[in-house]
Amino acid sequence: MKTVVAGFCGFIFALGLMVSGMADPANVLGFLDVTGAWNLLLAFVMGGAVAVTLPGFWWLRHRQVTGHASDKAQHWPKRWPPDVALVMGAILFGIGWGLTGVCPGPALVLLGLDGWKAWLLVAGILLGWKGTQYLQTARAR
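**Brief notes about the overall build of the protein chain**
- Counting its secondary structure elements, the protein chain contains 6 helices and 0 strands.
- Starting at the N terminus, the α and β elements of the protein chain follow one another as α-α-α-α-α-α.
- Along the first, second and third principal axes, the C-alpha atoms of the protein chain reach 50 × 40 × 35 Å.
- Every one of the 141 residues in the protein chain was classed for burial, and the buried ones make up 17%.
- The long-range fraction of contacts in the protein chain, counting pairs at least 24 apart against all pairs at least 6 apart in sequence, stands at 37%.

This is how it looks when you write it as structure tokens:
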């Protein structure tokens, strides 16, 4: 049942990305082009996402019950102050996002829509992910 719910949520997320235009790299690059033809669409999409998400996170963090549907305890990340790995990851993510106009969610949507470029992008994301895991393991030794 968890797989069905996760698949449905992924489908809704993909549908939202497509309907909002965020699966189109031109919209994202237009938002990042503040000196040219600036496109504010992404700001409205992000604002809507934050407006929906923040109350849910606030509610989850302040409710008395520590579990959720699976009765497992919730573990909130403690990333303050940010460490070097988090800052470097954010910088690399931003560079990749700025160069391609695509972040991981839309990249997965584009796998079925945009041919070889999307597959190359997802391969790059996976390579970066696995490379980071390798470096973290090597650093821990």
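**What to know about the packing of aromatic side chains**
- Under the definition given, this model contains 2 aromatic pairs.
- Over the face of the ring belonging to Trp129 we find Lys130, whose NZ or CZ atom lies 4.8 Å from the ring centre.

**Let's talk about the confidence of the model for the protein chain**
- In the predicted model, the protein chain carries a mean pLDDT of 81, and 91% of its residues have values of at least 70.
- In the model of the protein chain, helix H5 (residues 104–110) stands out as the element of lowest mean pLDDT, 81, in contrast to helix H1 (residues 2–20), which has the highest, 88.

**Quick notes on the side chain of Ser20**
- Positionally, Ser20 belongs in helix H1.
- Within the structure, Ser20 has its side chain in polar contact with the backbone nitrogen of Met22 (distance 3.5 Å).
- Beyond its immediate chain neighbours, meaning those up to four positions away, Ser20 contacts Leu41 and Val45.

**Some details on the packing of helix H2 (residues 25–32) against helix H3 (residues 41–62)**
- Packing of H2 against H3 brings their axes to within 8 Å, and their N-to-C directions diverge by 100°. The angle between the axes of H2 and H3 places the two elements in the roughly perpendicular class. Seen from H2, the contacting residues are Asn27, Val28 and Phe31; seen from H3, they are Leu41, Leu42, Ala43 and Met46.
- Within the contact of H2 with H3, the residues separate by chemical class into 6 nonpolar, 1 polar and no charged.

**Points about the side chain of Asn27**
- With respect to the element layout, Asn27 can be found in helix H2.
- Side chain to side chain, Asn27 and Asn39 meet in a polar contact 3.3 Å long.

**A few points about the layout of surface pockets**
- Each pocket or cavity is described by its volume, and for the largest pocket that value is around 820 Å³.
- Considering the residues around the largest pocket, the lining is formed by 24 residues, among which Gly89, Leu92, Phe93, Gly128 and Thr132 are closest to the centre.
- Where the lining of the largest pocket is concerned, the elements lending two or more residues are helix H4 (84–100) and helix H6 (116–140).
- Residue classes in the lining of the largest pocket are distributed as 14 nonpolar, 8 polar and 2 charged.
- If you add up the space inside the second largest pocket, you get close to 290 Å³.

Reading the values: rules and limits
Residues numbered from 1 in each chain as written. Predicted model: local features only at pLDDT ≥ 70, side-chain atom pairs only at ≥ 80, totals over all residues. Heavy atoms only, no water. Helix = DSSP H or I, 4+ residues; strand = E, 2+ residues; numbered from the N terminus. Buried < 20%, exposed > 50% of the residue type's maximum accessible area, 1.4 Å probe, protein only. Contact = heavy atoms within 4.5 Å. Phe/Tyr/Trp six-rings, centres within 6.5 Å; stacked < 30°, edge-to-face > 60°. Lys NZ or Arg CZ within 6 Å of the ring centre and 35° of its normal. pLDDT = per-residue confidence, 0-100. Polar contact = N/O pair within 3.5 Å; in protein donor to acceptor, adjacent residues only side chain to side chain. Axes fitted to C-alpha atoms, helices over the stretch in contact; angles between N-to-C directions. Parallel < 35°, antiparallel > 145°, perpendicular 65-115°, else oblique. Nonpolar A, V, L, I, M, F, W, Y, C, P; charged D, E, K, R; others polar. 1 Å grid on protein atoms, 1.4 Å probe; cavity = no way out; pocket = protein on both sides within 12 Å on 5 of 7 lines; lining within 4 Å. Points joined across faces, edges and corners; volume = space filled by probe spheres on them.

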